[in-house]
Amino acid sequence: MDFLMTDQQRLIIETIRRFVQDEIVPLEAHLDPDAFELPEEEFDRLVGMVKEMGFWNLSVPTEFGGPGLDLVTLTLAAEEMSQHRAGLYAPCYHVFGHGGLAQLYEANEDQRQRYLLPLIRGEKHAFFALTEPSGGSDPARAIRTTAVRDGDHWVLNGTKVFISGADQADFGLVFARSDPAQGRAGITCFIVDSDTPGFRVRRIIHVLRSTEYPCEIEFDECRVPECNVLGEVNKGFTIANDRLTRNRIPYAAGSIGVAVAAQRMAIRWAKQRETFGDLLAHRQAIQWMIVDNEIDLRTSRWLTLEAASKADCGEPFRFETAMAKVVATEAAGRVVDRAIQVHGGLGVTKDLPLERWYRELRIRRIGEGPSEVQRIIMARDLLY
Amino acid sequence: MSGITKPWTAFDPGGAKRIPGTVGVYEIGDEAGKTLYIGCAGGREPFGLRGKITGHFTGPQAADGSPARPRAYRYEVNLQYLTRWIELLTQHLEAQGGLPQWNERARSELPRLGRFHRAAGVPAPSGGSP
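One numbering rule holds for all chains: residues counted from 1, following each sequence as written. Chains and ligands are labelled by the order in which they are written, letters from A for the one and numbers from 1 for the other. Selection of residues for local features in this predicted model requires a pLDDT of at least 70, selection of side-chain atom pairs for listing and counting requires 80 or more, and totals for whole chains, interfaces and linings are taken over all residues. Excluded from the side-chain calculation are hydrogens and water; included are all heavy atoms of the structure.

Our focus in this paragraph is helix α1 (residues 48–58) of chain B. Within α1 of chain B, burial applies to Gly48, Leu49, Ile53, His56 and Phe57 of chain B. Any two residues having at least one pair of non-hydrogen atoms within 4.5 Å are treated as being in contact. In this text, helices come from DSSP runs of H or I with a minimum length of four residues, and strands from runs of E with a minimum of two, each type numbered from the N-terminal end. Buried residues in α1 of chain B make contact with β2 (24–29), β3 (35–41), β4 (72–77) and α3 (101–105) of chain B. For every residue, the accessible area (1.4 Å probe, protein chains only) is compared with the maximum for its type, and the residue is labelled buried under 20%, exposed over 50%, or partly exposed between those bounds.

Time to look at the packing of aromatic side chains. Here a pair means two rings of Phe, Tyr or Trp (six-membered ring of Trp) with centres within 6.5 Å. Their orientation is stacked below 30 degrees between planes, edge-to-face above 60, and tilted elsewhere. By the definition in use, this model includes 14 aromatic pairs over all chains. For the ring pair Phe64 of chain A and Tyr105 of chain A, a centre distance of 5.2 Å and an interplane angle of 25° mean the geometry is stacked. Here Phe64 of chain A is found in the loop between α2 (40–53) and α3 (71–81), whereas its partner Tyr105 of chain A is found in the loop between α3 and α4 (109–120), with 41 residues between them in sequence. Across the pair, Tyr105 of chain A and Phe64 of chain A agree in class, each one buried. Centroid distance Tyr73 of chain B to Tyr75 of chain B: 6.4 Å. Interplanar angle 15°. Geometry classified as stacked. Using a relative accessible area of 18% as the deciding quantity, one classes Tyr75 of chain B as buried.

Attention now goes to the interface of chain A and chain B. With 30 residues of chain A in contact, the opposing surface of chain B contributes 20 residues. Salt bridges are counted wherever a side-chain nitrogen of Lys or Arg sits within 4 Å of a carboxyl oxygen of Asp or Glu. Across the chain A-chain B interface, the total number found is one salt bridge. For Arg112 of chain B, the salt bridge identified is with Glu37 of chain A, shortest N-O distance 3.9 Å. Polar contact is defined as a pair of N or O atoms within 3.5 Å, subject to the rule that within protein one atom must be able to donate a hydrogen and the other to accept it, and that residues adjacent in sequence are counted only when both atoms are side-chain atoms. Put simply, chain A and chain B have twelve residue pairs in polar contact (both at pLDDT 80 or more) between them.

Attention shifts here to the domain arrangement of chain A. Residue and element names in this part refer to chain A. A domain assignment, automatic or from a database, supplies the domain bounds used here. Taken domain by domain, chain A comprises domain 1 (7–105), domain 2 (126–230) and domain 3 (240–383). Its C-alpha centre places domain 2 at a distance of 31 Å from the equivalent point of domain 3. Contact between domain 2 and domain 3 buries roughly 750 Å² in total, counting both sides, with carbon and sulfur atoms accounting for 63%. The term buried area refers to how much accessible surface (probe radius 1.4 Å) is lost by two components on association, counted for both of them together. When the buried area of domain 2 at its contact with domain 3 is split by residue, Ser137, Leu208 and Ser210 rank highest and sum to 54% of it. Counting across the interface, domain 2 meets domain 3 through zero salt bridges.

Moving on, we get to the environment of His30 of chain A. Following the sequence through the fold, His30 of chain A ends up in the loop between α1 (7–28) and α2. Note: C-alpha distance between His30 of chain A and Arg356 of chain A (326 residues apart in sequence) is 16 Å.

What describes two packed helices is the angle between their axes and the distance between those same axes. All names here are of chain A. Two elements in contact, α1 and α3, have axes separated by 9 Å at closest approach and are oriented at 15°. Taken together, the axes of α1 and α3 lie roughly parallel to each other. Both α1 and α3 take part in a crossing whose hand is right-handed. Residue-level contacts link Gln9, Ile12, Ile13, Ile16, Arg17 and Val20 of α1 to Val72, Thr73, Leu76, Ala77, Glu80 and Met81 of α3. For helices, the fitted axis covers only the stretch in contact; all axes are lines through C-alpha atoms, and the angles between them, taken along N-to-C directions, range from 0 to 180 degrees. Our angle categories are set so that under 35 degrees counts as roughly parallel, over 145 as roughly antiparallel, 65 to 115 as roughly perpendicular, and the remainder as oblique. Throughout, a crossing is termed right-handed when the near helix is turned clockwise from the far one, and left-handed when it is turned anticlockwise from it by less than a right angle.

Our next topic: a nonpolar patch on the surface. Residue and element names in this part refer to chain A. Think of a patch as exposed residues, more than 30% relative accessible area, with no salt bridge, where like charges cluster within 9 Å and nonpolar side chains (Val, Leu, Ile, Met, Phe, Trp, Tyr) cluster within 5 Å. Method for areas: the Shrake-Rupley scheme with a 1.4 Å probe, in which residue coverage is limited to the protein chains shown. Taken together, the side chains of Leu382, Leu383 and Tyr384 make up a nonpolar region of the molecular surface, amounting to roughly 470 Å² of accessible area. Relative to the assigned elements, Leu382 resides in helix α10 (residues 371–383). Judged by relative accessible area, which is 64%, Leu382 ranks as exposed.

Written as structure tokens, this is what we have:
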């Protein structure tokens with residue numbers, strides 16, 4: 001495989017890198033260390049800049065007005081966009097656009113007009129509701145939210161947990177069991193407007209993450225029109241699963257990005273901090289931490305780009321994605337942990353972004369399919 | 001989570017030293033136990049909750065001539081201060097039909113608030129009189 005960047009990729013990456021350093025990082029000096037959104041006027045200004053650069057909604061396919069970039073380029077971009085304090089869960093505070101929920105690319109023409117295009121334009125916000133109190137790693141069995149047909153409507157009843165942005169959203173994609181006799185072949189995806197009677201946000205769930213807090217939501221006799229079924233009835237699991245697999249690649253890349261930033265800080269600090277009459281950089285204990293960081297970073301990046309490359313080539317990429325997700329998220333946690341150790345007491349203060357990355361990276365070993373589930377995916381390929 | 005459930009503490013400058021200097025959320029109340037302000041002490045606040053709460057009783061808000069005078073406070077040490085702040089503000093907004101008076105006056109400092117879609121008549125965040 002050849003991962004030398006093309007000229008176009010290099011231009012994109014260098015532009016994003018400059019943008020993060022010149023526009024995002026200086027703003028963060030004035031924000032709360034746990035901030036996850038920009039003041040409105042700053043957000044609007046930066047979105048204007050991004051649109052002028054032609055970088056708005058990089059992940060959106062050309063048929064929906066985006067540049068239709070390949071996954072390798074998006075992976076490289078995701079690594080750059082996350083290299084700031086809020087970058088893990090709010091890369092560049094979303095001024096490059098959310099790109100929409102990829103599952104909505106399955107929408108029919110009417111749904112595209114009502115939901116997908118306003119989402120891509122940034123006029124609407126959406127949530128993705130798959131996980132339930134009964135579990136999230138095995139949705140085919142865990143989904144207990146029911147959908148029962150009643151005339152030209154479906155009636156939803158049930159509870160979903162860890163649903164990010166549900167209290168802010170205009171609508172959501174909700175996966176419910178439409179055929180109780182089937183496993184994965186009995187799940188349907190519904191587009192549910194947030195103002196539908198019977199839908200409510202039960203609570204905010206406070207977690208380690210400072211950004212995009214999750215909510216618990218419930219559906220109580222919530223009536224959804226037939227025209228809001230996304231894709232086909234009982235085919236919802238496929239919609240969820242295909243896109244979730246693909247999303248794990250930029251998810252891994254975002255983890256690598258903050259680890260790159262942490263490593264940069266660790267190197268800078270080691271070269272300026274003196275202890276017992278010598279620089280930290282001259283201590284073997286510190287040198288080894290820095291080198292181990294670099295090994296973790298390069299291994300993670302290689303595996304993540306390999307997964308992206310296979311996806312771009314139309315080859316099976318589920319195994320490679322699972323491996324990239326495990327390696328990148330676990331390695332990034334180790335890198336940030338070592339960077340904190342290099343910084344000593346300063347590393348655990350809110351003066352530096354390391355403590356936030358440390359907290360938020362812990363979630364990455366669980367979110368989008370925990371490490372253990374990714375290992376199950378790989379074991380199936382290797383053993384069966 | 002529910003609202004801040006601690007009882008109100010009447011402000012006295014000597015006792016304020018016992019307010020922790022950590023991050024967290026707090027409420028400022030008037031004589032009748034009505035919440036005037038819901039705030040948070042974030043990671044850049046030099047003296048955390050102590051500095052923020054004390055500021056409401058000694059700063060310009062305390063002497064701005066408004067009929068609503070601060071009399072008491074209550075707080076919650078909370079490392080997830082931003083999401084908890086959003087939760088308290090949203091709960092108040094939906095239960096009372098509006099934000100506390102001082103938050104309304106300082107809307108530009110507020111985070112983006114969502115909706116819980118609660119039915120009308122949901123009780124207000126609990127708490128007694130100062």
